[in-house]
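# Report on the structure
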There are 2 protein chains.
Amino acid sequence: MTTRRDAVHDTLRKSEGFRSAQDVYAEMRLHGAKIGLTTVYRALQALADGGKVDVLRNDDGESVYRACATDTHHHHLVCRRCGHTVEVAGPAVERWAEMVGSEHGFTEVTHTVEVFGTCSTCSAEVKTG
Amino acid sequence: MTTRRDAVHDTLRKSEGFRSAQDVYAEMRLHGAKIGLTTVYRALQALADGGKVDVLRNDDGESVYRACATDTHHHHLVCRRCGHTVEVAGPAVERWAEMVGSEHGFTEVTHTVEVFGTCSTCSAEVKTG
DNA sequence: GGAGACTTTGACAATCATTTTCATTTTGGC
DNA sequence: GCCAAAATGAAAATGATTGTCAAAGTCTCC
């Protein structure tokens, strides 16, 4: 029985940027889906555990999710106004993190890197509007 | 009247790694300080706003704070077991983030970079214990 | 020294995302 | 059809954070 989980995954796929669990839930209900908030949370966690979606925390500390195009390790460049997200690979950062870690004797080094900015569309709007 | 705020700041200074607001509050009470949870939150926010302390989110989504040695922009290498924290500068990362942003037409680019690992002390413990 | 204005404080209630609980439903195998 | 295991979801619980508001502290001006 993975219908619900698939539905959640589909909803994420159709979204441009990162969406919160509450967000996904609200959208699914809007489109008439019969699903509970609990299930959305569980589906999202399962997808994240399985590496199917990426998770990060927004400024409010909420978990936000995104179905990413690539399976490989990558980071995100997120517009802080419209949420538009670009996936970026950064071999330089990977190497840097590894190096910094080993320099200080740390092992099993992982890292979180997120880049925020204002995308061209939004910065144009700010100027005109 | 900045006594409380200073007290909060002092408590942070005495700490090795990142501490949550609840944590700081509990510790201050332990040491006999008469202070309210609300005030700790407010003090921490004020300090963070003023750039006096660094904030990040731990895996639980809690805000954690740290009084850092340097005023300049830097990142952290945090031991995921003991919380031991090393401040690291990473010009390479700064440049990378800037580059990635401008490549995609993003302006006002900021970034968050945190590196987690297991420090030498802890990895030794894991092996023996 | 004291009055008044303004800020800080803190107990408590309110919020809000997330998790837990638990009874019901569904699915799959037999 | 029937049973066991997994999935579902409504409602309650949790827990960090924020808002409220009255009491207390601080400062200035007299």
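Residues numbered from 1 in each chain as written. Chains lettered and ligands numbered in written order. Predicted model: local features only at pLDDT ≥ 70, side-chain atom pairs only at ≥ 80, totals over all residues. Heavy atoms only, no water.

### Details of the domain arrangement of chain A
Residue and element names in this part refer to chain A.
- As far as domains go, chain A holds domain 1 (1-68) and domain 2 (70-129).
- Taken together, the contact between domain 1 and domain 2 spans 7 residues of the former and 9 residues of the latter.
- Taking both partners together, domain 1 and domain 2 bury about 670 Å²; carbon and sulfur atoms supply 50% of that area.
- Counting across the domain 1 and domain 2 interface gives 1 salt bridge.
- A salt bridge links glutamate 87 to arginine 66, with the nearest nitrogen and oxygen atoms 3.3 Å apart.
- At the junction of domain 1 with domain 2, the criterion picks out 4 residue pairs in polar contact (both at pLDDT 80 or more). (Domains from an automatic or database assignment. Contact = heavy atoms within 4.5 Å. Buried area = accessible area lost by both parts, 1.4 Å probe. Salt bridge = Lys/Arg side-chain N within 4 Å of Asp/Glu carboxyl O. Polar contact = N/O pair within 3.5 Å; in protein donor to acceptor, adjacent residues only side chain to side chain.)

### Some details on unusual backbone geometry
- Positioned with a positive phi, glutamate 108 of chain A is a non-glycine residue whose angle comes to about 45°.
- According to the relative accessible area criterion, glutamate 108 of chain A is exposed, its value standing at 58%. (Buried < 20%, exposed > 50% of the residue type's maximum accessible area, 1.4 Å probe, protein only.)

### Regarding helix 2 (residues 21-30) of chain A
All names here are of chain A.
- Where helix 2 is concerned, the buried positions are Ala21, Val24 and Met28. On an axial view of helix 2, the arc spanned by its buried residues comes to 65°, and they lie on one face.
- Against helix 1 (3-13), strand 1 (19-20), helix 3 (37-49) and strand 3 (63-66) lie the buried residues of helix 2.
- Once helix 2 ends, the next one or two residues include glycine 32, with phi positive near 85°. (Helix = DSSP H or I, 4+ residues; strand = E, 2+ residues; numbered from the N terminus. Arc of directions from axis to C-beta.)

### Concerning helix 4 (residues 91-103) of chain B
Residue and element names in this part refer to chain B.
- The end-to-end C-alpha distance of helix 4, which contains 13 residues, comes to 18 Å, matching closely the 18 Å that a straight helix rising 1.5 Å per residue would cover.
- Within helix 4, the full set of buried residues consists of Val93, Glu94, Trp96, Ala97, Val100 and Gly101. Looking straight down helix 4, one finds that the buried residues subtend no more than 165° of arc, so they occupy a single side. Turned more than 90 degrees away from the buried face of helix 4, the exposed residues are Pro91, Arg95 and Glu103.
- Positive phi appears at glycine 105, one or two residues downstream of helix 4, with a value of about 75°. (Expected span 1.5 Å × (residues − 1).)

### A short note on the sheet that holds strand 3 (residues 63-66) of chain B
- Read from one edge to the other, the open sheet built from 3 strands follows the order 1-3-2 (chain B), with strand pairing classed as antiparallel. Strand pairing shows two members of the sheet lacking a second neighbour, strand 1 (19-20) and strand 2 (54-57) of chain B, which therefore form its edges. (Pairing = 2+ DSSP bridges.)

### Focus on the relation of the copies chain A and chain B
- Once turned by 180° and shifted 0.0 Å along the axis, chain A lies on chain B with an RMSD of 0.1 Å. Expressed as an axis order, the relation between the two copies is that of a two-fold axis. Judged by C-alpha distance, valine 113 of chain A is the residue of chain A that lies nearest the rotation axis, at 2.2 Å. (Least-squares fit on C-alpha atoms with pLDDT ≥ 70 in both.)

### A closer look at the pattern of salt bridges
Residues and elements named next belong to chain A.
- Enumeration over the complete set of coordinates arrives at 10 salt bridges over all chains.
- Here arginine 13 ties to aspartate 10 by a salt bridge, and the two come within 3.9 Å at their closest N and O atoms. Within this pair, arginine 13 and its partner aspartate 10 are both found in helix 1, separated by 3 residues, close to a single helical turn.
- Using a relative accessible area of 55% as the deciding quantity, one classes arginine 13 as exposed.
- For aspartate 10, a relative accessible area of 37% corresponds to the partly exposed category.
- A network of salt bridges, in which partner residues are shared, links Arg19, Asp23 and Glu27.

### A look at the protein's contact with DNA strand C
- Neighbouring DNA strand C are 17 residues; Tyr41 and Gln45 of chain A together with Arg4, Thr39 and Arg42 of chain B lie closest to it.
- Considering DNA strand C, the proportion of its atoms within 4 Å of the protein that are sugar or phosphate atoms stands at 66%.
- Glycine 36 of chain B is positioned with one of its backbone polar atoms (N or O) 3.1 Å from a phosphate oxygen of DNA strand C.
- Between DNA strand C and the protein, one listed contact pairs a phosphate oxygen with a side-chain N or O atom of threonine 39 of chain B at 2.7 Å.
- When contributions to the surface near DNA strand C are tallied by element, the ones reaching two or more residues are helix 2 and helix 3 of chain A together with helix 3 (37-49) of chain B.
- Residue contributions to the surface near DNA strand C peak at 4 residues, all from helix 3 of chain A.
- Counted by class, the surface near DNA strand C contains 6 nonpolar, 7 polar and 4 charged residues. (Near = heavy atom within 4 Å. Nonpolar A, V, L, I, M, F, W, Y, C, P; charged D, E, K, R; others polar.)

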